[in-house]
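# Tertiary structure, described
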Amino acid sequence: MKLIVSDMDGTLLNQTWRISEENKQAILEAQQQGIEFVIATGRPYTNVTAILEEAGISCPVISLNGAETRDIEGHLIASQPLSKEQVRIVHNILLEEDIYFELMTDQGAFSLSEDRCRAIFRHIALGELPDLPEDEREKIMNTMFEERVHNENCRFIDSFETVLEDDDIVILKIFALATYEDRLVKADARLRELDGLAITSSGHENLEVNHLNGHKGYAVLEYAKSKGIDSSEIMAMGDSYNDLTMLTSVGRGVAMANAVEHIRNQVAYTTKRNTESGVAHAIYEMLAERKLNV
């Protein structure tokens, strides 16, 4: 393997959105052995860098599901934005279905409701941290929420029209969140009738809408090609549907133990849960096999 690619949420990060010491050391070991490490995530770049800096990791980043790719210095090397026409059509459908959503842009995230966003995060925290006392869970949720708002430069506005009409703002992804799964199912069906879009999900409570080529599989292979790396020389790790295109297009696709069954059934390798430093386990397993084959 010459390139390791990892998703973040549900994969590299634990339940409080941090990189464990075990995962950090495994990544550094792989880099020391000359293997390139790349993040591929649905998160925006500024959110990713804050977490990587805290862990002491430097690497290229594929963000917003593949809408942007940046090198290790943070320079933009590829972009797959949505057209304003596409955004307006999706915008109208999501409003009609009463689904909360955000516009992820090159100037940060835009939202119509801080209260609604916070309520959804509280719902997610309940699912991620069910065994914690309510006051402790609330404290963690508030910290995670404030970090996200800060790191993503999230702005709460009265209407998306100002964003849609501003030619200087590039929209890269639409991120929809809901606590009612039936609403997402209905919206998903309507959105899939549209052409030119990549529609996926990183959890049962969200939908992610990108340009047709704004997905991880395309971005990973394009990045590898620019480095002269064949798809067979790539290991990718992930847990959800927005990881599937990269997991199935590389030589070593690895699903987390916490991945849904459909994802695990699509790949040849599995590892431990994200809360058990499964990324480290997968990397060390690969390095051990690599050593034997030298």
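These numbers come from a predicted model, not from an experiment.

### Remarks on the overall build of the chain
Each helix and strand in the chain was counted, giving twelve helices and 14 strands. Relative to the globule expectation of 19 Å for 294 residues, the C-alpha radius of gyration of the chain, 18 Å, shows essentially globular dimensions. With respect to the three principal axes, the spread of C-alpha positions in the chain is 60 × 45 × 35 Å. When each of the 294 residues of the chain is scored for burial, the buried share is 51%.

### Observations regarding the sheet that holds strand β4 (residues 68-70)
With respect to topology, eight strands assemble into an open sheet ordered β5-β4-β3-β2-β1-β12-β13-β14, the strand pairing being mixed. Here the strands that pair on one side only, and so sit at the sheet edges, are β5 (76-79) and β14 (269-270). Bridging between strand β2 (residues 36-40) and strand β3 (residues 61-63) involves two bridges; their strand directions are parallel. Its bridge partner being in β3, Ala-40 is matched across the sheet by Ile-62. Relative to β3, helix α3 (residues 45-55) is tilted by about 140°, and along the sheet it contacts β2, β3 and β4. Helix α12 (residues 278-293) contacts β1 (3-6), β12 (234-238) and β13 (252-255) of the sheet and is inclined by roughly 160° relative to β12.

### Regarding the nonpolar core
Counting residues in hydrophobic clusters, the biggest one holds 47 residues, and the most contacted among them are Ile-4, Ile-19, Ile-39, Leu-52, Met-237 and Ile-283. For this core, the element with the highest residue contribution is α12, accounting for six residues. Grouped together as the second largest cluster of nonpolar side chains are 25 residues, Leu-103, Ile-171, Ala-176 and Leu-184 included.

### Remarks on the pattern of salt bridges
One pass over the full model with this rule turns up 22 salt bridges. Across the pair Arg-183 and Asp-98 runs a salt bridge, and its minimum N-O distance is 3.3 Å. You can see Arg-183 sitting in helix α8 (residues 181-191) and its partner Asp-98 sitting in the loop between α4 (84-96) and β6 (100-105), a full 85 residues away along the chain. With a relative accessible area of 28%, Arg-183 lands in the partly exposed category. A salt bridge links Asp-243 to Lys-216, with the shortest nitrogen-to-oxygen separation between them at 2.6 Å. With Asp-243 in the loop between β12 and α10 (244-247) and Lys-216 in helix α9 (residues 216-226), this residue pair connects regions lying 27 residues apart in the sequence. A relative accessible area of 0% places Lys-216 in the buried class. Three or more residues joined by partner-sharing salt bridges are found here, namely Glu-96, Glu-97, Lys-186 and Arg-190.

### Quick look at the pairing of β1
Here β1 shows two buried faces, one formed by Leu-3 and Val-5 and the other by Ile-4 and Ser-6. Two strands pair when backbone bridges link them, and β1 and β2 are joined in this way by four bridges, in the parallel orientation. Of the residues in β2, the one forming a bridge with Ser-6 is Ile-39. Direction of pairing for β1 relative to β12: parallel, over a ladder of four bridges. Paired with Leu-3 across the strands is Ile-234, a residue of β12.

### Here we look at the state of the cysteines
All chains considered together, the criterion is met by zero disulfides. Take Cys-117: it sits in no disulfide, and the sulfur closest to it among the cysteines is that of Cys-154, at 6.0 Å. Exposure remark for Cys-117: the relative accessible area of 0% places this residue in the buried category.

### What to know about the sheet that holds strand β11 (residues 206-211)
One open sheet holds the six strands; their spatial order is β8-β7-β6-β9-β11-β10, and the pairing between them is mixed. At either end of the open sheet lies a strand with only one pairing partner, and these are β8 (155-156) and β10 (197-200). Against the sheet, α8 engages β10 and β11, with an angle of about 15° to β11.

### Thoughts on the packing of α4 against α8
The geometry of α4 relative to α8 is characterised by a closest axis approach of 10 Å and an angle of 155° between their N-to-C directions. Here α4 lies roughly antiparallel to α8, going by the angle between them. Between α4 and α8 lies a crossing whose hand is right-handed. Contacts between α4 and α8 involve Val-90, Ile-93, Leu-94 and Glu-96 from the first element and Ala-187, Arg-190 and Leu-191 from the second. Looking at the contact of α4 with α8 residue by residue, the class counts come to five nonpolar, no polar and two charged.

The rules behind each value
- Residues numbered from 1 in each chain as written.
- Predicted model: local features only at pLDDT ≥ 70, side-chain atom pairs only at ≥ 80, totals over all residues.
- Heavy atoms only, no water.
- Helix = DSSP H or I, 4+ residues; strand = E, 2+ residues; numbered from the N terminus.
- Rg over C-alpha atoms; globule rule 2.2 N^0.38 Å.
- Buried < 20%, exposed > 50% of the residue type's maximum accessible area, 1.4 Å probe, protein only.
- Pairing = 2+ DSSP bridges.
- Contact = heavy atoms within 4.5 Å.
- Axes fitted to C-alpha atoms, helices over the stretch in contact; angles between N-to-C directions.
- Core = buried A, V, L, I, M, F, W, Y, C linked by side-chain atoms within 4.5 Å.
- Salt bridge = Lys/Arg side-chain N within 4 Å of Asp/Glu carboxyl O.
- Disulfide = S-S within 2.5 Å.
- Parallel < 35°, antiparallel > 145°, perpendicular 65-115°, else oblique.
- Left-handed = near helix turned anticlockwise from the far one by under 90°.
- Nonpolar A, V, L, I, M, F, W, Y, C, P; charged D, E, K, R; others polar.

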